[in-house]
Amino acid sequence: VTVHRRHAEALDRADALADFRERFVLADQQRIYADGNSLGRLPRETVARLDELVREWGERLVGGWEDWIELPARVGDGIGEVIGARPGETLVCDSTTVNLYKLASAALDLRNEGGAVLVDEDDFPTNRYVLEGIAASRGLELRRMTTAPIEGPSAQDVTREAAAGDVALVALSHVSYRTGALADLPAITEAAQDTGALMLWDLSHSAGVVPVRLSDSGADLGVGCTYKYLNAGPGAPAFLFVRTDLQERMRSPVWGWFGQRDQFRMRARYQPASGIERFLAGTPPILGLTAVQAGLELVLEAGLERLREKAAALTELFLVLHDERLEPLGFRLSTPSDSERRGAHVSVGHEDGWQICRALIERAEVIPDFRPPDMVRFGFAPLYSRFVDVWDAVDRLARLIETGEYRQVSAKSARVT
Ligand SMILES: Cc1ncc(COP(=O)(O)O)c(C=O)c1O
């Protein structure tokens, strides 16, 4: 071994973000949590805030709405700082799936003259399904583009696909959920807009870990979730972004009372609120919004540039260790090797990937996840992951293969992978 554990320990000692780990609930110190890209850890502050909110609910009852009603837009502006939006361009509401539906539908209404919807055939399922459904109900073409298996979509891909006929909307993920590839957001946005399409980004795997300059890049629309690197908890509300100058021209397909102008006048007919709040639908989830706020504050305190730098160093260490210890054991790196081109997680392919993933969880106290066909995915969220976690995870993984121990776990499939 040339990269010793001592090297990882030294990186931890020099880590400016090391103290943030203690700000999270660490229920099991032996366990290496490498799935913060799926569900982030619980911040201690969130426990206190939710406790306080529950007390407030008990005491204020319906009177609490006086303050709570502002939360989707107020927490939205906080998310705006993370994704590079201007105030009034971001809301926290609904799920990523529902927000994607709302914004994609609204975008297509704006065009009003057909045109294809362009997606990446390797994108996260919900994105492909939602757009497939929208295209089907409107009689539009869903164009599924093939992109580089590891590097993901490029501006050239978008230009090439647009040459095959009119495209109304391009919807892509900023960071690929499978490979961790980081797309060139400004270049792809420009390529999409050059063809006359609107550009919608899913920032689920970049919000809170990769600095995004959404407004400066001229992006039209965005969505993303808060339970990964923003640590807002299972099912916490998602966010949506609409560029300021598009807002007055767009309408949510869900004409709910929270998106209505002067909501409490209870008018006979729907009239959208001005600004971003027209994209609200129904009563906002205040418990979830409170958790988003607490998680967001930690990210802003740590600073996105520092988080990005540490995430790149953590994945870099994984890559070096992969080449040294995993590749000889039959693993293939399924993540871009250039740190500029990847987000905060890494994937390695192996023909027994599923069984290896289960063995890590059941026998080695390492929690990754599995993405078909053969990828074991490791997310080392920089707010609470240590360099020794990366070293130990690779070490435990290599030992499971070297000893053949992983073959002793059941290869039976599970409902959640
Ligand atoms: C890129 C991407 N979009 C959307 C989602 C999930 O959307 P929802 O929160 O609506 O289930 C995920 C979940 O992991 C994701 O990775």
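Residues numbered from 1 in each chain as written. Predicted model: local features only at pLDDT ≥ 70, side-chain atom pairs only at ≥ 80, totals over all residues. Heavy atoms only, no water.

1. Thoughts on the packing of aromatic side chains
A complete count under the given rule lists 11 aromatic pairs for this structure. Aromatic side chains Phe318 and Phe378 sit 5.1 Å apart centroid to centroid with 40 degrees between the ring planes, which places their arrangement in the tilted category. Pair noted here: Phe318 is in helix H11 (residues 304-326) and Phe378 is in strand S13 (residues 375-379), with a separation of 60 residues, a long-range link. Judged by its relative accessible area of 0%, Phe318 falls in the buried class. Relative to Phe380, the ring of Phe318 has its centre 6.2 Å away and its plane inclined at 40 degrees; by these criteria the two rings are tilted. Of this pair, Phe318 sits in helix H11 while Phe380 sits in the loop between S13 and helix H13 (387-402), and the two are 62 residues apart along the sequence. Since its relative accessible area comes to 1%, Phe380 is described here as buried. Grouping aromatic residues by their ring pairs yields a cluster made of Trp65, Trp68, Trp257, Phe258 and Phe264. (Phe/Tyr/Trp six-rings, centres within 6.5 Å; stacked < 30°, edge-to-face > 60°. Helix = DSSP H or I, 4+ residues; strand = E, 2+ residues; numbered from the N terminus. Buried < 20%, exposed > 50% of the residue type's maximum accessible area, 1.4 Å probe, protein only.)

2. A look at the side chain of Ser204
With respect to the helices and strands, Ser204 occurs in the loop between strand S6 (198-202) and strand S7 (221-224). By relative accessible area, Ser204 is classed as buried at 8%. Here the side chain of Ser204 touches Cys225 through a polar contact of 3.3 Å, landing on its backbone nitrogen. For Ser204, the residues in contact, after removing those within four places along its chain, are Thr96, Val223, Gly224, Cys225 and Lys228. (Polar contact = N/O pair within 3.5 Å; in protein donor to acceptor, adjacent residues only side chain to side chain. Contact = heavy atoms within 4.5 Å.)

3. Here we look at the pattern of salt bridges
Using the criterion set out here, one finds 37 salt bridges in the structure. We note a salt bridge from Arg386 to Asp389, for which the minimum N-O separation is 2.9 Å. Look at Asp389 and you get buried, because its relative accessible area is 6%. In this structure, a network of salt bridges that share partners links the residues Arg5, Glu9 and Asp392. (Salt bridge = Lys/Arg side-chain N within 4 Å of Asp/Glu carboxyl O.)

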